[in-house]
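Here is how the chains run, residue by residue.
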Amino acid sequence: MTTQYAVVTGAGSGVGRAAALALLGGGWTVALAGRRRDALEETVGLAGDAASRAIPVPTDVGDPQSVNALFDKLKADWGRLDFLFNNAGGNVPAGPIEDLAYEDWARVVQVNLTGSFLCAQAAFRIMKQQSPQGGRIVNNGSISAHVPRPESVAYTSTKHAITGLTKTLALDGRAFDIVSGQIDIGNAATPMTARMAKGVKQPSGEMKVEPTFDVAHVGSTILMMANLPLDANIQFVTIAASKMPWIARG
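Residues numbered from 1 in each chain as written. Predicted model: local features only at pLDDT ≥ 70, side-chain atom pairs only at ≥ 80, totals over all residues. Heavy atoms only, no water.

Looking up the protein in an unreviewed UniProt entry gives the name SDR family oxidoreductase, with the organism given as Belnapia arida.

Asker: Can you help me understand the overall build of the protein in this one?
Answerer: When you go through the protein residue by residue, the secondary structure sums to six helices and 11 strands. The globule rule puts the C-alpha radius of gyration for 250 residues at 18 Å, and the 18 Å found for the protein is close to it. By its C-alpha atoms, the protein is 55 × 35 × 35 Å across when sized along the principal axes. Taken across its 250 residues, the protein has 50% of its residues classed as buried. A separation threshold of at least 6 residues defines the contact pool for the protein, and within that pool the share at least 24 residues apart is 71%. As displayed, the protein has an accessible area near 11600 Å², and 55% of this comes from carbon and sulfur atoms. Once the 22 positive and 21 negative side-chain charges of the protein are each reduced to a mean point, those two points are 3 Å apart. (Helix = DSSP H or I, 4+ residues; strand = E, 2+ residues; numbered from the N terminus. Rg over C-alpha atoms; globule rule 2.2 N^0.38 Å. Buried < 20%, exposed > 50% of the residue type's maximum accessible area, 1.4 Å probe, protein only. Contact = heavy atoms within 4.5 Å. Areas by Shrake-Rupley, 256 points an atom, 1.4 Å probe, with all protein chains shown as cover. Lys, Arg positive; Asp, Glu negative; His and termini not counted. Charge placed at Lys NZ, Arg CZ, Asp CG, Glu CD.)

Asker: Which parts of the structure should I look at to understand the packing of aromatic side chains?
Answerer: In this description, an aromatic ring pair is defined by two values, namely the gap between the centres and the angle between the planes. For the structure shown, the criterion picks out two aromatic pairs. Measuring from ring centre to ring centre gives 4.7 Å for tyrosine 5 and tryptophan 78, while their planes differ by 25°; the resulting arrangement is stacked. Here tryptophan 78 lies in helix 3 (residues 64–78) and tyrosine 5 lies in strand 1 (residues 5–9), a separation of 73 residues in the sequence. Residue class for tryptophan 78 comes out buried when judged on its relative accessible area of 15%. In this structure, lysine 128 packs its charged tip against the face of phenylalanine 176, placed 4.2 Å from the ring centre. (Phe/Tyr/Trp six-rings, centres within 6.5 Å; stacked < 30°, edge-to-face > 60°. Lys NZ or Arg CZ within 6 Å of the ring centre and 35° of its normal.)

Asker: Which parts of the structure should I look at to understand the packing of helix 4 (residues 102–129) against helix 5 (residues 153–173)?
Answerer: A pair of packed helices can be characterised by two numbers: the angle between their axes and the separation between those axes. Close contact between helix 4 and helix 5 brings their axes to 9 Å; oriented N to C, the two are set at 15°. It follows that helix 4 is roughly parallel to helix 5 by the angle criterion. Relative to helix 5, the crossing made by helix 4 is right-handed. Note on element contacts: helix 5 touches helix 4 through Val153, Ala154, Tyr155, Ser157, Thr158, Lys159, Ala161, Ile162, Leu165, Leu169, Asp172 and Gly173, opposite Trp105, Val108, Val109, Asn112, Leu113, Ser116, Phe117, Ala120 and Phe124. Its residues assigned to classes, the contact of helix 4 with helix 5 shows 14 nonpolar, five polar and two charged. (Axes fitted to C-alpha atoms, helices over the stretch in contact; angles between N-to-C directions. Parallel < 35°, antiparallel > 145°, perpendicular 65-115°, else oblique. Left-handed = near helix turned anticlockwise from the far one by under 90°. Nonpolar A, V, L, I, M, F, W, Y, C, P; charged D, E, K, R; others polar.)

Asker: Is there a simple way to explain the pairing of strand 6 (residues 178–186) in this structure?
Answerer: Counting buried positions along strand 6 gives nine out of nine residues, so the element sits mostly inside the fold. On strand 6, burial covers both faces: Ile178, Ser180, Gln182, Asp184 and Gly186 on one face and Val179, Gly181, Ile183 and Ile185 on the other are all buried. In this fold, strand 5 (residues 135–140) hands off to helix 5, which returns the chain to strand 6; that crossover is right-handed. Where strand 6 lies against strand 11 (residues 236–240), five bridges are found, and the strand directions are parallel. Opposite aspartate 184, over in strand 11, you have threonine 238 as the bridge partner. (Right-handed = clockwise from strand over helix to strand, strands pointing away. Pairing = 2+ DSSP bridges.)

Asker: Help me out: how do you make sense of the pairing of strand 5 in this one?
Answerer: Note on strand geometry: in a regular strand, side chains alternate between the two faces of the sheet. Counting buried residues along strand 5, six of its six residues qualify, which places the element largely inside the surrounding structure. Of the two faces of strand 5, both are covered, the one formed by Gly135, Ile137 and Asn139 as well as the one formed by Arg136, Val138 and Asn140. The sheet contact formed by strand 4 (residues 83–86) and strand 5 spans four bridges and is parallel. Residue pairing for strand 5: phenylalanine 83 is matched across the bridge by arginine 136. In this structure, strand 5 lies alongside strand 6, joined through six bridges in parallel fashion. When the sheet's bridge partners are listed, arginine 136 is paired in strand 6 with valine 179.

Asker: Is there a simple way to think about the pattern of salt bridges in this case?
Answerer: Here the idea is simple: oppositely charged side chains can pair when their charged atoms come close. In this structure the tally under the stated criterion is six salt bridges. Residue aspartate 38 is joined to arginine 36 by a salt bridge in which the shortest nitrogen-to-oxygen separation is 3.2 Å. Exposure remark for aspartate 38: the relative accessible area of 44% places this residue in the partly exposed category. (Salt bridge = Lys/Arg side-chain N within 4 Å of Asp/Glu carboxyl O.)

Structure, rendered in structure tokens:
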């Protein structure tokens, strides 16, 4: 069996950890990128017999030098790259737009959007040059790539922008067998959604507990997308808690 190589950003917890473990379980060799080495090592520890194929690489996706160091290392070690899951992201507490500090806005944009761009750019460089040419990039969009939550201007703006990035990557990669898609996730049970147990603000102003679902299902969806041949693509897929109020957010 030919070895297949993947990068998962934000692999130290939540969706990124679930995706990394699913890929490892499917036989992939996976670079685990994230800011905290201890969290990445925890993911390695959960990989069981596949742990030898999990490579933790502390990386700040919002830092061009850090991203370049990650992909330079992988190119030197592996010689190719078959799959990138652009998952790393962050948010700020909900609040009125007029109270959002520029520094908080800039931090969300830097991680969610610029980080995804930098990693995709580095992946493109490798995927164009390798033989056989090509590869696959999947971006984590979120339900917020479709409809906003109240008081979420920074997060929602970046996730709408991710859709533009996904479409552009798909178009610009077409001639080089670089395929790009997007997964939009609603209420996977992760540390980021733990707050939902106390209630989430609805458009009406009501605080309401929202249902979640097992994040392992996100991992299996990512593995399915990654395993497709390059002549087939899932351009956009939405996976969400069945009863969450996301259609019109109500």
